[in-house]
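# Secondary and tertiary structure notes
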Amino acid sequence: LELLTDACGGDMLLAEYLLCTIISKAVNRPEPGLVIGKFALSILEWNSMGGEEGPDGLCGVLSALLPMFRNISVSAEYLNANNMVPRKDYNLEFLSLSPLQVPDSCVMLLDQHHLQDDA
């Protein structure tokens, strides 16, 4: 927990929530589309938290702690250049993968701080 707290800029509550996110998993699916038990976490205003390394420091800690970790730095250029859904090439009978397709129990971090509003 101390390692996560340091990566979160000293915010112990955020580190605890992050730990809960890492260990959470879907335990029951009573009906299709309803997932009970999986915990998602959104971190807003990262720059005001005082984390020196920012999201990159957190990515380094998570990749060292977790067996399966995926970091995607989302920007307008990235979204325009990559397909976020699988596409099928019917001529080759090949399904291309999406960056969002990850194995079970993989923790994914979407870094959106490069996105900007168009004015």
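Values in this document were obtained by computation on a predicted structure and should not be read as measured data.

Criteria and thresholds
- Residues numbered from 1 in each chain as written.
- Predicted model: local features only at pLDDT ≥ 70, side-chain atom pairs only at ≥ 80, totals over all residues.
- Heavy atoms only, no water.
- Helix = DSSP H or I, 4+ residues; strand = E, 2+ residues; numbered from the N terminus.
- Buried < 20%, exposed > 50% of the residue type's maximum accessible area, 1.4 Å probe, protein only.
- Patch = residues over 30% accessible without salt bridge, like charges linked within 9 Å, V, L, I, M, F, W, Y side chains within 5 Å.
- Areas by Shrake-Rupley, 256 points an atom, 1.4 Å probe, with all protein chains shown as cover.
- Salt bridge = Lys/Arg side-chain N within 4 Å of Asp/Glu carboxyl O.
- Core = buried A, V, L, I, M, F, W, Y, C linked by side-chain atoms within 4.5 Å.
- Contact = heavy atoms within 4.5 Å.

Backbone geometry at Glu 93 places phi at a positive 55 degrees, although glycine is not the residue there. Mapped onto the secondary structure, Glu 93 falls in the loop between β2 (87–89) and β3 (94–96). Among the residues examined, Glu 93 registers a relative accessible area of 55% and is labelled exposed. Its identity is not glycine, yet Ser 105 carries a phi of approximately 65 degrees, on the positive side. Here Ser 105 is to be found in the loop between β3 and β4 (107–111).

Moving on: a nonpolar patch on the surface. A contiguous nonpolar surface patch, about 380 Å² in accessible area, is contributed by Leu 1, Met 12, Leu 19 and Ile 23. Positionally, Leu 19 belongs in helix α2 (residues 12–23). Relative accessible area serves as the criterion here: at 36%, Leu 19 is assigned to the partly exposed category.

Here we take up the nonpolar core. Leu 4, Leu 18, Ile 22, Leu 58, Leu 62, Leu 66 and Phe 69 are the most contacted members of the largest nonpolar core, which totals 15 residues. At the level of elements, α1 (2–7), α2, α3 (55–65) and β4 are the ones that each hand at least two residues to this core. Beyond its immediate sequence surroundings of up to four residues, Leu 18 is in contact with Leu 4, Cys 8, Leu 41, Leu 58 and Leu 62.

With that settled, consider α3. One turn of the α-helix equals 3.6 residues, which is why residues spaced by three or four share an orientation. Among all positions of α3, only Pro 55, Gly 57, Leu 58, Cys 59, Val 61 and Leu 62 are buried. Residues of α3 that are buried in the fold lie against α1, α2, β1 (69–73) and β4.

On to the environment of Asp 56. Secondary-structure assignment places Asp 56 in helix α3. Separated by 49 residues in the primary sequence, Asp 56 and Ala 7 place their C-alpha atoms 9.1 Å from one another.

As enumerated under the stated definition, the model contains one salt bridge in all. Residue Lys 88 pairs with Glu 93 through a salt bridge whose shortest N-O separation is 3.2 Å. When its relative accessible area of 40% is taken as the criterion, Lys 88 is described as partly exposed.

In short, shape yes, function no, at least from these values alone.
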